[in-house]
Amino acid sequence: MTKNYWAYRIDKTNSDFFNKELQLGRLRQGWGYDEGQNLRNLSVNNGARRNIPMFQKVKKGDVLLIPHISGYNQLTLAVATEDWEKGYLFEINPILKDYGHIFPAQPEKIISKDHSAVSANLRRSLKNPSRFWSLNPYGEEIEHILKLSEYELNSTQPRNTMESIANESFKSLFKPQEFKKLIYENCIKKFQSAEWEKPLVEALQKLYPTYQVDAVGGHSEQLHGTDIKITIPGLFGQSYVIAIQVKDYEGTVPPNIIDQINKADYFTDENTKVIEKIIVITRAEKEKNKNLLNYSDVKFVFLEELKELLSEAGQTILGLDTK
C-alpha cells in the first residue's frame, strides 16, 4: 500500500496540551466543541467540516508533519497507527471545552525547522494557511529525516545559527496566551462598530498576502451586506469570494443577524462565485450562542476565534513564525 505524507496544523496556543495528548497516541484537532461536530454524525458545521479530508484520507502508516506541537520552530513527525476513518474518536476535552476530534497517531521524530536536513522547499511549503495538506512531493526528504539518529537530529548545526539562537531566546520571553489576551483587549478599547473593518482588513492582508482583501462597507452595503470581501483568484478568469460581515455584539445574538450577510450572493456572476459567508462577532461568546451554529451556510467567528486571528496577525506583523 502506498504511504502518503501530510502536513497537519494545530492550535499553537495550546501546544503543550496537544503534545501531551500525542504522546498518548491521540492527535487532537479543533472546532470540536459541540457533540454535533462528531465527524461520524456531523450535524453542526461551523468549521468542523474542514476536518473531513483528514478523516477520510489518512491511512495506517501515513506520516504527518506537525509544526510547533513540540516547541516553537520544531517539526514533529508522527505516524498514523490506524486508518483514521476506523480509529477516529470524538471526545471534547472537559477543561478546554474543544478539540474533540481525536486521530490515532504516534510521534516518531522531532527536528528543528532550521536543521540542514530540512530543505528550503519543505520549509516554504509550511506557509500553506490550511490545517491539512499533502506533502507527497517531499516524501523522500521526510523518509530521510525519519532515518536520522537522535544524535544526528540534535548535533547537526542549523542552517542559520544566529537566527536559531535569536528564535530560541525570544521563545523564552514570548508568552502566546498573554499576547493573545492583550492584543484583543487593546482592540476592544480602540475600535467600535464599523471601526473594526480597518484593523480586520489589515490583519487578513497580513495573514493571506496572496488574496485580495477589501473593505466594502458603506453605502453599497445595503446591496451586498458585506463589510470585508476576500477575493481568491481561480483558473481561467474565475474568482472566488469570501464575504465577511462584522458585528460588534456581546451576550446573546439575535437570529436575524444572518439577514445582511445572506445578501452576499450579489457578488456572484459568470466569473465570480461566493464560497463562504462569515459573520465576525467581536464580543459574543460561542458558548452563549450555540443556536446560531444551526445555520450551515454561514460561519460564525466568535470572540475566542477572533482573539486567535488577531494574535496570529500580530505575530506576523512582528516578524514571528506563526506557521
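All of these numbers come straight from a predicted model, not from anything done at the bench.

(A) Looking closely at the overall build of the chain. Along the chain, the regular secondary structure elements total 12 helices and 12 strands. Its C-alpha atoms put the chain at 65 × 45 × 45 Å along the principal axes. Counting over 323 residues, the chain shows a buried share of 51%. Taking all contacts inside the chain whose residues are at least 6 apart in sequence as the whole, residues at least 24 apart take part in 65%. A gap of 2 Å separates the mean positions of the 42 positive and 43 negative side-chain charges of the chain.

(B) Structural view of the side chain of serine 15. With respect to the helices and strands, serine 15 occurs in helix H1 (residues 15-23). Apart from residues no more than four positions distant in its own chain, serine 15 is found in contact with Ile10, His68 and Ile69.

(C) Quick peek at the packing of aromatic side chains. Evaluation of the coordinates by the stated rule reveals 12 aromatic pairs. Judged by centre distance (5.2 Å) and plane angle (75°), the ring pair of phenylalanine 55 and tyrosine 88 falls under edge-to-face. Residue phenylalanine 55 is located in helix H2 (residues 52-57), and its partner tyrosine 88 is located in the loop between helix H3 (84-87) and strand E5 (89-90); the two are separated by 33 residues in the primary sequence. With respect to burial, phenylalanine 55 and tyrosine 88 carry one shared label: buried. Each member of the aromatic cluster is reached from another via a ring pair, and the members are Tyr8, Phe55, Trp84, Tyr88 and Phe103. We note lysine 286 situated over the ring of tyrosine 33; from NZ or CZ to the ring centre the distance is 3.5 Å.

What counts and how
Residues numbered from 1 in each chain as written. Predicted model: local features only at pLDDT ≥ 70, side-chain atom pairs only at ≥ 80, totals over all residues. Heavy atoms only, no water. Helix = DSSP H or I, 4+ residues; strand = E, 2+ residues; numbered from the N terminus. Buried < 20%, exposed > 50% of the residue type's maximum accessible area, 1.4 Å probe, protein only. Contact = heavy atoms within 4.5 Å. Lys, Arg positive; Asp, Glu negative; His and termini not counted. Charge placed at Lys NZ, Arg CZ, Asp CG, Glu CD. Phe/Tyr/Trp six-rings, centres within 6.5 Å; stacked < 30°, edge-to-face > 60°. Lys NZ or Arg CZ within 6 Å of the ring centre and 35° of its normal.

What is shown is where atoms sit, not what they do.
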